[in-house]
Amino acid sequence: LYPLTKNTPKPLLKVAEKPILEAIVEQLSQQGFQKLFLSLHYRAEMIKDHFGDGSDWNVTIQYLEEDVPLGTAGALGLIDSANIEYPLLVINGDLMTRINYGRLLEFHKEQGGAVTLCVREYEHQIPYGVVAVEHGKVNLIDEKPIHKCFVNAGIYVLDEAVVREVDRHQPLAMTDLLSGLVAENEQVNAYPIHEYWLDIGRLSEYKRANKDVEFHSEKT
């Protein structure tokens, strides 16, 4: 999203006059969450100045400040597990969604396992005719097929044992953490998101987010 993020951390970019992260905090507060952790590095003071102790949103916010970037999972090592209840809900700070987090937590408890990973169905159309060749002969021509797959939605539920194993001094990507658990035959559940969801990672998605909010406001 550069140059929009040159002077502003991405979670504070505004969608319809409200920072992305503020919309997430509001949603969590409205759904009954009371204690939040925000992991910070780039322009951390801007985020701390905006949210303070969280009382304006009826939540308590504790900041996990990274001396160096720790990746999408590394900040979990900075959490004092003695002061929270598990399982832990983890959300990327650049998402817009209307997911019901209570149902997600119920699903996690019902399924058991170490982690629940939210997934979203993604469709990609190949703009060419795909030709299947076997032993030098064509046996199928599929014109502009649509491929479907599940993608990581950036929302997770983690049990205490998983969080406690994260080294606070080592960068760690959430995908690497989950891949390691799968390799160790730990149970990692998939929770498909059918509600509205948008990962604001590129300028095109940022523009779409603003249009989506405007459209929703007009309808309501």
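Note: the structure precedes this text.
Conventions we followed
- Residues numbered from 1 in each chain as written.
- Predicted model: local features only at pLDDT ≥ 70, side-chain atom pairs only at ≥ 80, totals over all residues.
- Heavy atoms only, no water.
- Salt bridge = Lys/Arg side-chain N within 4 Å of Asp/Glu carboxyl O.
- Helix = DSSP H or I, 4+ residues; strand = E, 2+ residues; numbered from the N terminus.
- Buried < 20%, exposed > 50% of the residue type's maximum accessible area, 1.4 Å probe, protein only.
- Pairing = 2+ DSSP bridges.
- Axes fitted to C-alpha atoms, helices over the stretch in contact; angles between N-to-C directions.
- Contact = heavy atoms within 4.5 Å.
- Core = buried A, V, L, I, M, F, W, Y, C linked by side-chain atoms within 4.5 Å.
- Arc of directions from axis to C-beta.

## Notes on the pattern of salt bridges
What the rule picks out here adds up to 8 salt bridges. Here E45 and K48 are joined by a salt bridge, their closest N and O atoms 3.7 Å apart. With E45 and K48 both in helix α2 (residues 44-51), this residue pair falls 3 residues apart, about one helical turn. Taking the relative accessible area as the measure of exposure, K48 reaches 22% and is therefore partly exposed. Across the pair E205 and R202 runs a salt bridge, and its minimum N-O distance is 3.0 Å. Residue class for R202 comes out exposed when judged on its relative accessible area of 54%. One connected set of salt bridges, linked through shared partners, spans E45, K48 and E65.

## Things to note about unusual backbone geometry
The omega torsion of the bond from Y86 to P87 falls at 5°, within 30 degrees of zero and hence cis. Topologically, P87 is positioned in the loop between α3 (71-74) and β5 (88-91). Of note in this structure, A16 is not a glycine but carries a positive phi near 55°. In this structure, A16 sits in the loop between β1 (14-15) and β2 (18-19). Phi at K144 is positive, roughly 45°, even though this residue is not glycine. Among the secondary structure elements, K144 is positioned in the loop between β9 (137-143) and β10 (146-158).

## So, the sheet that holds strand β11 (residues 188-192)
Pairing in this open sheet of 4 strands is mixed, and the strands run β5-β10-β7-β11 from one edge to the other. Each of the sheet's edge strands pairs with one partner strand only, and the pair in question is β5 and β11. Along the sheet, successive strands turn relative to each other by an average axial angle of 40°, direction set aside. Sheet analysis places strand β7 (residues 115-125) next to β11, joined by 5 bridges and oriented parallel. Its bridge partner lying in β11, T116 is registered against N189. Helix-sheet contacts for helix α4 (residues 101-111) involve β5, β7, β10 and β11, and the interaxial angle to β11 is about 145°.

## Considerations on the nonpolar core
Within the largest apolar cluster, 30 residues are counted, with the highest numbers of intra-cluster contacts made by F51, L104 and I155. Listing elements by their share of this core, those giving two or more residues are α1 (20-30), β3 (35-40), α2, β4 (60-65), α4 and β10. Setting aside residues no more than four positions away along its own chain, F51 makes contact with L12, L21, E22, V25, L38, W57, I61 and Y63. A73, V119, V163 and V166 belong to the second largest nonpolar core, which has 22 residues in total.

## Comments concerning the environment of E186
Summarising the element assignment, E186 is placed in the loop between α6 (174-183) and β11. You can call E186 partly exposed: its relative accessible area is 40%. Spatially, the C-alpha atom of E186 lies 36 Å from that of R43, the residues being 143 residues apart in sequence. Residues contacting E186, with those up to four places away along its chain left out, are A114 and L181.

## Regarding α6
If you check which residues of α6 are buried, you get M174, L177, L178 and L181. The buried residues of α6 occupy an angular sector of 90° when the element is viewed end-on, so they sit on one face. Exposed and oriented more than 90 degrees from the buried face of α6 are D176 and A183. On its buried side, α6 packs onto α3, β5, β7, β10, α5 (160-164) and β11. A positive phi of about 65° marks N185, the residue just after α6.

That is the geometry; function is a separate question.
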